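# Chains, contacts and geometry: an overview
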Amino acid sequence: MEHLIHLSNPIILRKSLEAVIQLAEQYKKEKGRIPVLMEVCGSHTMAFAKTGIKTRLKDHVRLIAGPGCPVCVTDQKSIDTMIELSRDTNRILCTFGDMVRVPGSKFSLMEAKTEGKDIRVVYSPLDSIKIAEENPEKEVIFLGIGFETTIPILVATIQEAEKKGLTNYTIWMTTKLVEPILRTLLNGKEINIDGFLLPGHVSVVTGKNSFDFLVKEYGISGVITGFEPVELLRAIYKLLQQLLSGKIEIINDYKYMVKNDGNIVAKKLMEKYLDYHDEAWRGIGVIQNSGFILKPEYAIFDAKKKFHVSVEEPRKTKCRCGEIIQGVITPEECILFSRGCTPLFPIGPCMVSTEGTCAAHYQYMKEG
Amino acid sequence: MVQRISLTHGEGGELTHRLIKDVFIKSFGNLQHTQLDAAIIKLNASKLAVTTDCYVVKPLFFPGGDIGKLAITGTVNDLAVSGATPQAITAGFILEEGFPLRQLKLIVKSMAEEAKKAGVSIIAGDTKVVEKGSVDGLFINTTGIGFIKETHQLYPENISVGDMVIVSGTVGDHGIAIVSAREELGLMTDVQSDCASLNHLLQELLEKVDGIRVMRDPTRGGVSTSLVELCEELHCTIELEDSSIPIRQEVEGACDILGFDPLYLANEGKVLLIVDKNQIDCVLDILQNHELGKDAKVIGQITECQKEEGKVLLKTPIGSTRRLFRLSGLLLPRIC
């Protein structure tokens, strides 16, 4: 606990901030522009906004929010399909809180709930196993979104359902993986990123080595970091040091949580139950092998195999979440931001999610 | 002996009579009021304050209190922060068929205890029973009346630049206590709800100090929402110092895990005060010497007045400032 208290100590914070600004200024002098860093993780985006670090650094370091919020990267058609599942009254849909408020093309799960549909918010996916046990006459479907941080827990529910011999539990999997999206961003060259602030929680599962490809194939540095303000500033500092020295490597600055090989048990669990799968990303399209699907031998737990739902092509809105999650534009550049789209009446998922870039900007960085 | 509430308890007949006699009057007393259909009270002031509130908290029992205690403290505090001396409370109960009588007795008992502590009497009530599934266990409505002494009037219009913002103790305790009590979240903390009647403390303050401009109890929506509303109504700007706001470590930790912001969590035994800066020492002295205000702190000040648009700004530990808004969307349903 002592250690954690220091991580938000105001004196250390202000000193760290000064050190970062000093280094950023040196960068500006040498390269003629300010450094561009991307924080991949949605929780980092929120922390940068909430602590005021992003506002404070805006003239010195450009921090771009990356594609790290699981709700935000889910494409509209997947959202519509998941919501459509709620129409059948014999089903209980379980999901995370944010998903309930995400607007579908026609309605949201929250609206479905007001019509009497059984939609339950769970904090742990394992709670949905209990719900399935208590409601044997109903089909319990978990709407499984998430990155590598969440996927092992989703798989753990399958393991549990298998152990308990449940036949009324399935997952509707729309999971996403970090490496393929980073590759897509770097190959796309729509934005120039000088370095990455790498996601702490994902790295706990995947390990430091999972980011070696950034160095070997793209010649770009990254720092794995935690979520406390001092850690975030230290990560920026270390990344700037790298950029100035010309040394390219992945630094693990979240050592008390992240190992080189990650969480072996979690990885084995994923390997046992899952195959790679082409996933559709919001505003980007399908990326090869960028998600997981249940292996054929576990098809009885696969909601996509068990239930057949078809939805129309989503209607187009002016929502620019797709570009926002790639860091191409900032929320303020979207015409809907804080006008037609607010946390209370969101149009895009980035405004709904507690990790969404638009929500972060609306809640913590809006001035007017 | 009947163990559970049935629809007959709400029919107005013999069982209703027994329920009122054995449960409510037994705890609340005040037999003199039961002879007429309405309670009659004597006025001894020229200004009367009235407030009403419904209580639907889930679960009914939580660390530090229960729905009964909350139904008293919530209404007492609404009166107290308006400068009124709470006098009497009415209580309406909507009970679900099948509700255990033992639980009802516990809830009524804790209402009676809290009312006694706060020095208010429960003078009228009503009970309805609805079919199973029509409500979740038990809902309570309380209406409170209080008198305002001439010397206890608040003058929010006197707010001026330099006035200080005080909070009477740690923020977010009730919210986290409720979250922990809802076992489905799997979060275990020792945090107790702060629910308590603040009227004696606030009356002492109004008795001894002149420069209290306005008071609010930051319940649903938390400190942020209360202050945003206050600033909008009074057309002023408040600047809060993030690192001065007292928050329990356990509350902060729970917020980190669950993604909540303590400034938006409900409190049920805290008051926000805007005070003339010359009276700060006196106010803090009184607060900190009282059990319910021992963690009181100055958390910010009024930096602008007579603005068209009032707002609340928060200075973060790194020295940058961000604006606070009302709570938007859903945080925790059925918190009180």
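Everything quoted here is computed from the prediction, not taken from an experiment. Every chain's residues receive numbers from 1 upward, in the order its sequence appears when written. Following the order in which they are written, the chains are lettered starting with A and the ligands numbered starting with 1. Predicted model: local features are reported for residues with pLDDT of at least 70 only, side-chain atom pairs are reported and counted for 80 or more only, and whole-chain, interface and lining totals are derived from all residues. The side-chain values count all of the structure's non-hydrogen atoms but skip hydrogen atoms and water molecules.

### With respect to the overall build of chain A
Every helix listed is a DSSP run of H or I at least four residues long, and every strand listed is a run of E at least two residues long, numbered separately from the N terminus. Helices and strands together make up the secondary structure of chain A, namely 19 helices and 11 strands. Taken over C-alpha atoms, the radius of gyration is set against a globule rule of 2.2 Å times the number of residues to the power 0.38. Taken against the 2.2 N^0.38 rule, which gives 21 Å for 368 residues, the C-alpha radius of gyration of chain A at 21 Å falls within 12% of a compact globule. Across its three principal directions, the C-alpha atoms of chain A cover 65 × 45 × 40 Å. Expressed as a percentage of the 368 residues in chain A, the buried residues total 57%. Exposure is judged per residue with a 1.4 Å probe applied to protein chains only, and the accessible area is read against the type maximum: over 50% gives exposed, under 20% gives buried, and values in between give partly exposed.

### Looking at the nonpolar core
We call a set of buried Ala, Val, Leu, Ile, Met, Phe, Trp, Tyr and Cys residues a nonpolar core when their side-chain atoms join them within 4.5 Å. If you look at the biggest cluster of nonpolar residues, it comprises 93 residues, and the most contacted ones within it are Tyr169, Phe196, Leu198, Phe211, Leu214 and Leu274 of chain A. The element contributing the most residues to this core is helix α10 (residues 151–164) of chain A, with 6 residues. Working rule for contacts: check all heavy atoms of both residues, and any pair within 4.5 Å makes them a contact. Beyond its immediate chain neighbours, meaning those up to four positions away, Tyr169 of chain A contacts Ser128, Ile129, Ala132, Val140, Phe142, Thr157, Ile158, Ala161, Ile300 and Phe301 of chain A. Membership of the second largest hydrophobic core comes to 37 residues, among which are Leu60, Leu101, Ile107 and Val108 of chain B.

### Here we look at a nonpolar patch on the surface
All names here are of chain B. A residue counts toward a patch only above 30% relative accessible area and without a salt bridge, and it is joined to like-charged neighbours within 9 Å or, for Val, Leu, Ile, Met, Phe, Trp and Tyr, to nonpolar neighbours within 5 Å. Throughout, the Shrake-Rupley method with a 1.4 Å probe supplies accessible areas, and for residues the shown protein chains are the sole cover considered. Salt bridge, as used here, is a side-chain nitrogen of Lys or Arg placed within 4 Å of a carboxyl oxygen of Asp or Glu. Together, Leu43, Leu48 and Val50 give the surface a local cluster of nonpolar side chains, amounting to about 310 Å² of exposed area. With respect to the secondary-structure elements, Val50 resides in strand β1 (residues 47–55). Taking the relative accessible area as the measure of exposure, Val50 reaches 57% and is therefore exposed.

### A few points about the pattern of salt bridges
A full pass over the atoms with the stated rule returns 35 salt bridges over all chains. Linking Asp194 of chain A and Arg33 of chain A is a salt bridge whose minimum nitrogen-to-oxygen distance equals 2.9 Å. Of this pair, Asp194 of chain A sits in the loop between α11 (178–188) and β7 (195–199) while Arg33 of chain A is found in the loop between α2 (10–31) and β1 (36–39), placing the two residues 161 residues apart along the sequence. In this structure Asp194 of chain A comes out as buried when scored by relative accessible area, which is 15%. Look at Arg33 of chain A and you get partly exposed, because its relative accessible area is 40%. A salt bridge links Glu304 of chain B to Lys307 of chain B; the shortest N-O distance between them is 3.4 Å. Shared partners join several salt bridges into a network, and the residues in it are Glu133, Glu160, Lys163 and Lys164 of chain A.

### Observations regarding the interface of chain B and chain A
It is common to give the size of an interface as the accessible area that goes away when the parts come together. Each side of the interface is counted separately: chain B has 20 residues, and chain A has 25 residues. Counting each side, the surface lost to burial between chain B and chain A is near 1,900 Å², with a carbon and sulfur contribution of 57%. Of all residues in chain B, Ile318, Arg322 and Phe325 of chain B give up the largest surface area on contact with chain A, accounting jointly for 32% of the area buried on that side. Scanning the region where chain B abuts chain A turns up 0 salt bridges. In terms of residues, the side of chain B that touches chain A owes the most to one element, helix α7 (residues 249–258) of chain B, which gives 3 residues. Note on definitions: buried area is the accessible-area loss of two parts on being combined, 1.4 Å probe, summed for both.

### Looking at the pairing of strand β5 (residues 139–146) of chain A
Within a regular beta strand, the side chains point alternately toward one face of the sheet and then the other, so they alternate between its two faces. Residues and elements named next belong to chain A. Within β5, 8 of the 8 residues are buried, which leaves the element mostly enclosed by the surrounding structure. Pairing between β5 and strand β6 (residues 169–175): 7 bridges, direction parallel. Across the sheet, Ile141 pairs through a bridge with Thr170, a residue of β6. Should DSSP find at least two bridges between two strands, the strands are taken to pair.

### Section: helix α14 (residues 229–245) of chain A
All names here are of chain A. In a regular helix each residue adds 1.5 Å, so 17 residues correspond to 24 Å; α14 covers 24 Å between its end C-alpha atoms and thus fits that length. Of all the positions in α14, only Pro229, Val230, Glu231, Leu232, Leu233, Ala235, Ile236, Leu239, Leu240, Gln242 and Leu243 are classed as buried. One or two positions beyond α14, positive phi appears at Gly246, with a value near 80 degrees. For a helix, the expected span equals 1.5 Å multiplied by the number of residues minus one.

### Observations concerning the packing of aromatic side chains
Planes of paired rings set the category: under 30 degrees apart is stacked, over 60 is edge-to-face and the rest tilted, where pairs are Phe, Tyr or Trp rings (Trp by its six-membered ring) whose centres lie within 6.5 Å. As enumerated under the stated definition, the model contains 11 aromatic pairs over all chains in all. Pairing Phe227 of chain A with Tyr254 of chain A gives two aromatic rings, centres 6.1 Å apart and planes at 75 degrees, and the pair type is edge-to-face. Of this pair, Phe227 of chain A sits in the loop between β8 (221–225) and α14 while Tyr254 of chain A is found in the loop between β9 (250–252) and α15 (264–273), placing the two residues 27 residues apart along the sequence. You can call Phe227 of chain A buried: its relative accessible area is 18%. With a centroid separation of 6.1 Å and an interplanar angle of 40 degrees, the aromatic rings of Phe24 of chain B and Phe28 of chain B are classed as tilted. Note that Phe24 of chain B and Phe28 of chain B are positioned in helix α1 (residues 14–28) at a spacing of 4 residues, about one turn of the helix. We note that Phe24 of chain B, like Phe28 of chain B, is buried.

### A short note on the sheet that holds strand β6 (residues 138–148) of chain B
All names here are of chain B. Spatially, 4 strands are ordered β1-β6-β4-β5 in an open sheet, and the strand pairing comes out mixed. The sheet terminates laterally at β1 and β5 (121–130), the two strands that pair on one side only. If you compare each strand with its neighbour and ignore which way they point, the axes differ by 15 degrees on average. Of the pairings in the sheet, the one linking strand β4 (residues 85–96) to β6 comprises 10 bridges and is antiparallel in character. Residue Thr90 lies in a different strand from β6, and its bridge partner there is Thr143. Under this scheme, a helix contributes an axis fitted over its contacting stretch, all axes are lines through C-alpha atoms, and angles between N-to-C directions fall in the 0 to 180 degree range.

### Overview of the domain arrangement of chain B
Residue and element names in this part refer to chain B. Where a domain begins and ends is set by an automatic assignment or by a domain database. Here chain B is described as being made up of domain 1 (7–152) and domain 2 (156–324). The straight-line distance from the C-alpha centre of domain 1 to that of domain 2 is 27 Å. With 27 residues of domain 1 at the interface, the matching set in domain 2 holds 24 residues. Across the interface of domain 1 and domain 2, roughly 2,000 Å² is buried in total on both sides, 55% from carbon and sulfur atoms. At the surface where domain 1 touches domain 2, the tally comes to 0 salt bridges. Side-chain atoms alone can form a polar contact between residues adjacent in sequence; in general such a contact is a pair of N or O atoms within 3.5 Å, and within protein one must be able to donate a hydrogen while the other accepts it. Taken together, domain 1 and domain 2 are joined by 12 residue pairs in polar contact (both at pLDDT 80 or more). Counting residues per element, the ones that place at least two in the side of domain 1 that touches domain 2 are α2 (67–80), β4 and α3 (101–118). Considering every element that reaches the side of domain 1 that touches domain 2, the biggest residue donor is α2, with 8 residues.

### Observations concerning the packing of helix α5 (residues 199–208) of chain B against helix α8 (residues 280–288) of chain B
All names here are of chain B. Two elements in contact, α5 and α8, have axes separated by 10 Å at closest approach and are oriented at 150 degrees. With respect to each other, α5 and α8 are oriented roughly antiparallel. Remark: the crossing between α5 and α8 carries right-handed chirality. Residues Leu201, Glu204, Leu205 and Lys208 of α5 form the contact with α8, whose own contacting residues are Val283, Ile286 and Leu287. We call Asp, Glu, Lys and Arg charged. Ala, Val, Leu, Ile, Met, Phe, Trp, Tyr, Cys and Pro are nonpolar, and the rest, Gly among them, are polar. Across the contact of α5 with α8, the residue classes break down as 5 nonpolar, no polar and 2 charged. In what follows, roughly perpendicular refers to angles from 65 to 115 degrees, roughly parallel to angles under 35, roughly antiparallel to angles over 145, and oblique to any angle outside these ranges. Left-handed describes a crossing in which the near helix is turned anticlockwise from the far one by less than a right angle; the clockwise case is right-handed.

### Section: the sheet that holds strand β2 (residues 62–65) of chain A
Residue and element names in this part refer to chain A. With parallel pairing, 5 strands are arranged side by side in an open sheet as β2-β1-β7-β8-β9. The two strands at the open ends of the sheet, each matched to only one other strand, are β2 and β9. Averaged over all neighbouring strand pairs, the angle between strand axes comes to 20 degrees, with direction disregarded. As defined by bridge partners, β1 adjoins β7 across 3 bridges and the pair is classed as parallel. Within the sheet, the bridge partner assigned to Leu37 lies in β7 and is Gly195.

### What to know about the domain arrangement of chain A
Residues and elements named next belong to chain A. Structurally, chain A comprises domain 1 (2–70 + 178–249), domain 2 (72–177 + 262–306) and domain 3 (320–365). Summarising the inter-unit geometry, the C-alpha centres of domain 1 and domain 2 are found 31 Å apart. The interface is formed by 16 residues belonging to domain 1 together with 22 residues belonging to domain 2. For the pair domain 1 and domain 2, the two sides together bury roughly 1,400 Å², of which 71% comes from carbon and sulfur. On the domain 1 side of the interface with domain 2, the three residues burying the most area are Pro70, Pro180 and Val205, jointly 40% of the side's total. Joining domain 1 to domain 2, the criterion identifies 0 salt bridges.

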